[in-house]
Structures are given as structure tokens and as C-alpha cells.
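# Structural description and commentary
What follows is each chain in one-letter form.
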Amino acid sequence: MRAQPKASHFIGGEYVDDTAGAAFESIYSATGEVIAKLHSATPAIIERAVEAARAAQIQWAQLSGAERGRVLRRAADIMRQKNRELSELETLDTGKPLQETLVADAASGADCLEYFGCMAADIGGSQMDLGASANGSFFYTRREPLGVCAGIGAWNYPVQIASWKAAPALACGNAMIFKPSETTPLTALKLAEILMEAGAPAGLFNVVQGMGDVGAALSSHAGIAKVSVTGSVPTGVKVMSGAAETLKKVTLELGGKSPLIVFSDADITNAVSAAMLGNFYSTGQICSNGTRVFVHRDVLDAFLVEVSRRAAKITLGDPLDEATQMGPLVSGTQYDKVLAYMEQGKAEGARLVTGGEAAHVRALPHGYFVQPTVFADVTDEMTIAREEIFGPVMCVLTFDDEAEVLERANATQFGLAAGVFTRDIARAHRVIAGLKAGTCWINTYNLTPVEMPFGGSKRSGIGRENSRAALEHYSELKSVYVEMGDVDSPY
Ligand code: NDP
């Protein structure tokens, strides 16, 4: 097996295993080849991880922010040096093309480690004088770590998700136990190795493998202060209710069915580029994708001609070949799900513009490939317009005026992301202000620089990742009142 790790879990600075845990495999979804065999964490493994994290956190929190930051910045450098190795592993684990993983996965993880590494020295509280009427008393605040945090990842951006959770958590002085998706268990282990190599104390970042039950055990564990999950809405609900028992803090980065609105004055070439990026990158397996593309009736034909011309040219193939632009879906389960949605789109009367079926890639007959697909004449009620597909399926809906499209765009339980294409600057800001979504773009789509908060509103989530905002979700304020005079008491 070409990607077999030394053991399933990484705890207390070393690889460990417990073969009593349920066995599972990681596959290369372009071929179906088993690339690694692992074991799910047993309760004993989870307890060991919590103990290791607790001990490391006490030690780590005593360092200055600058010292913690130095470790994170070193980890960023090591991650960049190992970018190709990590990208190849991510490609094997996810099936995403190397063309993407080389620039978007470990690279984004390194950016995040560097950003929070630079910020760590500046995490602190504030002070305020209360004036002469309070005897010159004052208060100050301390920004303190939460303790041991749990991270639970989805399978679409495994090392990026692990880094997006670990970097702000560690910068604030916490330790982390991370559970990757069972579908993509490998690169989080590499992040653990890198953090150790960078000088993190053993136990600061631990990886435990497993399925939903392991995530649930972390969510409800009394020794864990916070849980952050990236996943679907039903999983977010389960994590939050599990966390409720111990009143843990939660960050939920969940799914979406985001609108991308193209007005008639938009630059159509750019709008098509963005719609394609926001539906086909990572074979459409991105939570913030603009999967409901609302196109103004006046430019609909031009948009569809351009999008179908360019979709037909997308190169599917072996993800390890850097010329490949689109890889397979991550798993057989996801493949069946996406093909079923394509059939449902046809059955419910959407007009198939291009794609709509499984794709056959020569030399990779067992790969989970599907065609990049565009449906037009999609209506708001159709299943493909309401449910998250998580595959390369673009739904184009037609609209006539601004108020109408705003209302339709917001008519969803999700609120992760949204985009607007127009050359009218006032309209751009007006429409964005009216969209109920946490992360928005004007005249582009899906760019997520680490400096910008990322997260959803409504059922797409709670909290924000990246940016200064993430620090607030991995720390809490302690307020300290300092009396400078006598205690004024009526007793
Ligand atoms: P899931 O919700 O199925 O799983 C997410 C993670 O939660 C996995 O590690 C999973 O384990 C774990 N899990 C499952 N059940 C529980 C439980 N009861 N308690 C705790 N943890 C649990 O999502 P997928 O991995 O299938 O990823 C796809 C989904 O993630 C999509 O809906 C997508 O929108 C969303 N997503 C959101 C992002 C965001 O930032 N908003 C980014 C990327 C994806 P396992 O799978 O191993 O059983």
C-alpha cells in the first residue's frame, strides 16, 4: 500500500495504534486501489489523546505568544518545503488533481499557520480606567486559552481543514485533538509530524481516526472545552447537541447552496470563469460553491454558450498527471449520490446543457468520474436547486429583476456564501447587503484568503474561521476589576 502511515493515530508526539478499533481503508478514487488500512479509535485511544493534550496544553499556555508563534511559523515553512509530498498524498487520498493540490491544499494550510503564527505575539486583552468617581479604579481583560479543543474534518480539503482549525487554536494557547474524515485520514497525520518537527510539545496536536462515533465521543467529552466541525448540516446538529451536555463552545462550518447572481451588465467572460470555478473546482466538492447560478434573462444565451463551450474542454484524467483539470469524486458513495442528483434533475424537467452522466476515462475504468454538468431552466422548487449535491453540477436559474432575484437567492435554509457579478457599483453593494450569507464576493467567487473571515449564517454554521475573528472562537476573555480605593459597602 503506497500511502500506509506508520500507525493509525498520532498521540503524545508519536504514532500509536489499537487494532481493537474497527478497521477501515483509504482508497485512491481514480483507481479504487487501497492505499492505506487504519483502525478507528477505541475509547482507550480517545482517553489517551485527551490526557496527552491536557498535559501539553498546560506547558504550551505558559509560553509567550511570540514563542508559540515561532513554532507555528516554522511549521508553515516545513509545510511549504514538503508541499509536493503533501500534495501527492492529498491527491491519493481525495482524488483531487495534483494541479489543484499543489496550490490549494497544503499551501493554504501553510498560509494559515504563518498568519496565526505572526498573530500569536499580539493576542491579549485591554485595560480601561473607570475615572475619579470610581477612585481611579480600572479593569483589564486577559484573553485566555480554552484548554483542549477538538477538530472534526470533512473529506474535501483534509489538510487545509486541519490547519484552519489547528493554527488559531494553538496560537491562542490551546491543544488540539483532530479527527479527520474516515474517507481521507492521511494528511492530518503529516500535519502532526510537521508540528512536532517545528518544536511543538508532544501532545499539542493529536490525530485520532474514526467515524461519526469518534467525532461524537469528542463532542461530548468532559475533558474537551471546544469542538469545531466542518461537515454537513445534520452532522453539525449532532455535534452541537453532543456539545450541549458539557456546554462546550462550538464552531460549525457546514454546507451550503449558495447563489451566484449574474446581472445583465456583468463581464460575461469573468462571470463564466467564476461560475465554473465555483462549480467544478475540486470536482464540485466545495461547501461554498455557487451552485445556484442566477443569470439575467438578457444574457442567458451568451452565458450558456460560453459555459458549455468551456465545460466541454475540461480535461478529466489521472489526478497525479499535472495536466488533469478534473479528477474523480472522492468515493463510490459520493459518485452514486451525484449521479442520482443528475438523474433527478433530468426527471424534474431541468434542461441539460452539457454533461449529465458518468465519465469514462481511458486507463482508469474503476475511477469515480462524472462529467462536468450544467443544467439550465432550473426552477427554485427542483431538488437540484434546493439540496447540496457536492459534485460538478451547475444549476442555472433565470431572473428578470433585482428584487426578485434577491428574494429567490435568500429562499434557502443555508447561508454560507454568495456572489454578485455586475459593473454597477451601487447595485453590487446593495445586493450583497441584502444577501443572507456569511461569506460574499463581488465580481469573483470562492477566494478565501486567510485574512478574511470565513463561515456561514443560518444553518450553514456558527462562528468564523481564519482572520482575527477566529481568535475569539479559540479563547475567552477574563475581566479583572482592580479597586484603587476603599470598598463601599452598606453593611
Ligand atoms: P459529514 O458531515 O458526513 O462529516 C463531517 C465529519 O464529521 C467527518 O469527520 C465525520 O466522520 C464526522 N461525523 C459524522 N457524524 C458525526 C457525529 N455524530 N458527531 C461528530 N462527528 C461526526 O460531512 P462530509 O465529510 O461528508 O463532508 C461533506 C459535507 O461537509 C458537505 O455537506 C459540505 O457542505 C460540508 N463542508 C462544509 C465546509 C465548510 O467550511 N462550511 C467545508 C467542507 C465541507 P466520518 O465521515 O469519518 O464518519
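Up top is the structure these notes are about.
Procedures and definitions
- Residues numbered from 1 in each chain as written.
- Predicted model: local features only at pLDDT ≥ 70, side-chain atom pairs only at ≥ 80, totals over all residues.
- Heavy atoms only, no water.
- Core = buried A, V, L, I, M, F, W, Y, C linked by side-chain atoms within 4.5 Å.
- Buried < 20%, exposed > 50% of the residue type's maximum accessible area, 1.4 Å probe, protein only.
- Helix = DSSP H or I, 4+ residues; strand = E, 2+ residues; numbered from the N terminus.
- Contact = heavy atoms within 4.5 Å.
- Salt bridge = Lys/Arg side-chain N within 4 Å of Asp/Glu carboxyl O.
- Pairing = 2+ DSSP bridges.
- Axes fitted to C-alpha atoms, helices over the stretch in contact; angles between N-to-C directions.
- Right-handed = clockwise from strand over helix to strand, strands pointing away.
- Near = heavy atom within 4 Å.
- Polar contact = N/O pair within 3.5 Å; in protein donor to acceptor, adjacent residues only side chain to side chain.
- Nonpolar A, V, L, I, M, F, W, Y, C, P; charged D, E, K, R; others polar.

### Quick look at the nonpolar core
Counting 114 residues, the largest nonpolar core has Phe303 and Met394 as its most contacted members. Sorting elements by how many residues they give to this core places helix 6 (residues 158–171) first, with nine residues. In contact with Met394, not counting residues within four places along its chain, are Ala275, Met276, Asn279, Phe280, Thr291, Val293, Phe303, Val307, Thr373, Val374 and Phe375.

### A closer look at the side chain of Ser288
Following the sequence through the fold, Ser288 ends up in the loop between helix 10 (268–280) and strand 13 (292–296). Taking the relative accessible area as the measure of exposure, Ser288 reaches 3% and is therefore buried.

### So, the pattern of salt bridges
As enumerated under the stated definition, the model contains 25 salt bridges in all. Here Asp111 makes a salt bridge to Arg80, at a shortest N to O gap of 2.8 Å. Of the two residues, Asp111 is situated in helix 5 (residues 106–119) and Arg80 in helix 2 (residues 65–81); the sequence distance between them amounts to 31 residues. Overall, Arg80 belongs to the partly exposed group, its relative accessible area being 34%. Notably, a salt bridge pairs Arg80 with Glu114, separated by 3.1 Å at the nearest N-O pair. With Arg80 in helix 2 and Glu114 in helix 5, this residue pair connects regions lying 34 residues apart in the sequence. Accessibility expressed as a relative area gives 31% for Glu114, which makes it partly exposed. Overlapping salt bridges, with partners in common, bring together Arg80, Asp111 and Glu114 in one network.

### Regarding the sheet that holds strand 16 (residues 393–399)
Across the sheet, seven strands lie side by side as 14-15-16-13-12-17-18; this open sheet has mixed pairing. Strands at the two margins of the open sheet, each flanked by one partner only, are strand 14 (351–354) and strand 18 (439–442). Strand-to-strand twist of the sheet, defined as the mean angle between neighbouring strand axes without regard to direction, takes the value 20°. Most of the contacts of helix 10 go to strand 16, to which it runs at about 135°, and overall it touches strand 12 (259–262), strand 13, strand 15 (373–376), strand 16 and strand 17 (417–421). Contacts between helix 11 (residues 300–311) and the sheet are confined to strand 12, strand 13, strand 14, strand 15 and strand 16, with strand 16 contributing the most and set at about 170° to the helix.

### A word on the pairing of strand 11 (residues 249–253)
The element strand 11 is extensively covered by neighbouring structure, given that four of its five residues are classed as buried. Note that strand 10 (residues 226–230) and strand 11 share five bridges and pair parallel. Across the sheet, the residue bridging to Val227 is Val250, located in strand 11. A crossover links strand 10 with its parallel partner strand 11, the connecting element being helix 9 (residues 233–244), and its sense is right-handed. For strand 11 and strand 19 (residues 461–462), the ladder comprises two bridges, and the chain directions are antiparallel. Residue pairing for strand 19: Glu253 is matched across the bridge by Gly461.

### Details of the site of the ligand
Taken together, 29 residues lie near the ligand, and Gly153, Ser232, Thr235, Leu254 and Glu388 sit nearest. In the model, an oxygen atom of the ligand is placed 2.9 Å from a nitrogen or oxygen of the Trp155 side chain. Between Glu253 and the ligand, the recorded distance is 3.3 Å, taken from a backbone N or O atom to a nitrogen atom. In terms of residue count, the dominant contributor to the shell around the ligand is helix 8 (residues 212–220) (four residues). Here the residues of the shell around the ligand sort into 12 nonpolar, 12 polar and five charged.

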